[in-house]
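Coordinates in review
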Amino acid sequence: MKNKIVWITGASSGIGEALVYAYNKLGAKLIISARNRDELFRVKGNCKNQINVHVLSFDLENTEELANKAKDAQNIFGQIDMLINSGGLSQRSLAMETEPDVELKLMNVNFWATVRLSKAVLPGMLSRG
């Protein structure tokens, strides 16, 4: 993983945060994303090799912005070798009790954001084999 460029969404907590530390130890160059910019800088500050960690804060729910965010991410180190879609939301209610706006938000963040980010970076990955 040394010098591989890894983009991790949901990097401000949980599994995403743990992956940041693991890939940082392996020598990867990281782009870390989540909504909370302050938390991303906290995570970056906990990394041993902070110079190879770049913060790119945005909200996965804003699906119309994701293609531009993917371009921003690709411009940081020139390419993306691996995208880890770790960002997501959970909902603790019965299906019959969940409001349509909550369902839409869940689908935008947990499904469409993953699809759109993946499709945005995949052509570059495929062209490099």
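Everything below is about the structure shown above.
Reference entry: report on the structure contained in this document. Keep in mind the model is a prediction, meaning the values are calculated, not measured. (Residues numbered from 1 in each chain as written. Predicted model: local features only at pLDDT ≥ 70, side-chain atom pairs only at ≥ 80, totals over all residues. Heavy atoms only, no water.)

What to know about the nonpolar core
- With 16 residues, the main nonpolar core has Trp7, Ile31, Phe58, Leu60, Ile80, Leu117 and Val121 as its most contacted residues.
- Put simply, the parts of the chain that give this core at least two residues each are strand S1 (5-9), helix H3 (66-77) and helix H4 (100-127).
- Of all the elements, H4 adds the most residues to this core, at five residues.
- Ile31 has contacts with Ile5, Val6, Trp7, Ile8, His54, Leu56, Ala73, Ile76, Phe77 and Ile80, leaving out every residue within four places of it along the chain. (Core = buried A, V, L, I, M, F, W, Y, C linked by side-chain atoms within 4.5 Å. Buried < 20%, exposed > 50% of the residue type's maximum accessible area, 1.4 Å probe, protein only. Helix = DSSP H or I, 4+ residues; strand = E, 2+ residues; numbered from the N terminus. Contact = heavy atoms within 4.5 Å.)

Brief notes about helix H2 (residues 37-45)
- For H2, every residue scored as buried is listed here: Leu40, Val43 and Lys44. Each buried residue of H2 sits inside an arc of 100° when the element is viewed along its axis, so together they form one side.
- Structurally, the start of H2 carries an N-cap: the backbone nitrogen of Asp38 is 3.1 Å from a side-chain oxygen of Asn36. (Arc of directions from axis to C-beta. Polar contact = N/O pair within 3.5 Å; in protein donor to acceptor, adjacent residues only side chain to side chain.)

Focus: the side chain of Thr98
- Note that Thr98 resides in the loop between strand S4 (82-85) and H4.
- Among the polar contacts listed, one links the side chain of Thr98 to the backbone oxygen of Leu94, at a separation of 2.9 Å.
- Leave out the neighbours within four places in its chain, and Thr98 touches Gln91, Ser93 and Glu103.

A look at the pattern of salt bridges
- The tally for this structure, following the rule as stated, stands at four salt bridges.
- Here Lys105 makes a salt bridge to Glu61, at a shortest N to O gap of 3.7 Å. Within this pair, whereas Lys105 is found in helix H4, its partner Glu61 is found in the loop between strand S3 (53-55) and H3, the two being separated by 44 residues in sequence.
- Look at Lys105 and you get partly exposed, because its relative accessible area is 33%.
- Of the charged contacts in the structure, one is a salt bridge between Arg128 and Asp81, with a shortest N-O distance of 3.9 Å. Here Arg128 is found in the segment after H4, whereas its partner Asp81 is found in the loop between H3 and S4, with 47 residues between them in sequence.
- Because the salt bridges share partners, they merge into one network encompassing Glu17, Glu39 and Arg42. (Salt bridge = Lys/Arg side-chain N within 4 Å of Asp/Glu carboxyl O.)

With respect to the environment of Gly45
- With respect to the secondary-structure elements, Gly45 resides in helix H2.
- Judged by relative accessible area, which is 39%, Gly45 ranks as partly exposed.
- For the pair Gly45 and Glu64, spaced 19 residues apart in sequence, the C-alpha to C-alpha distance is 30 Å.

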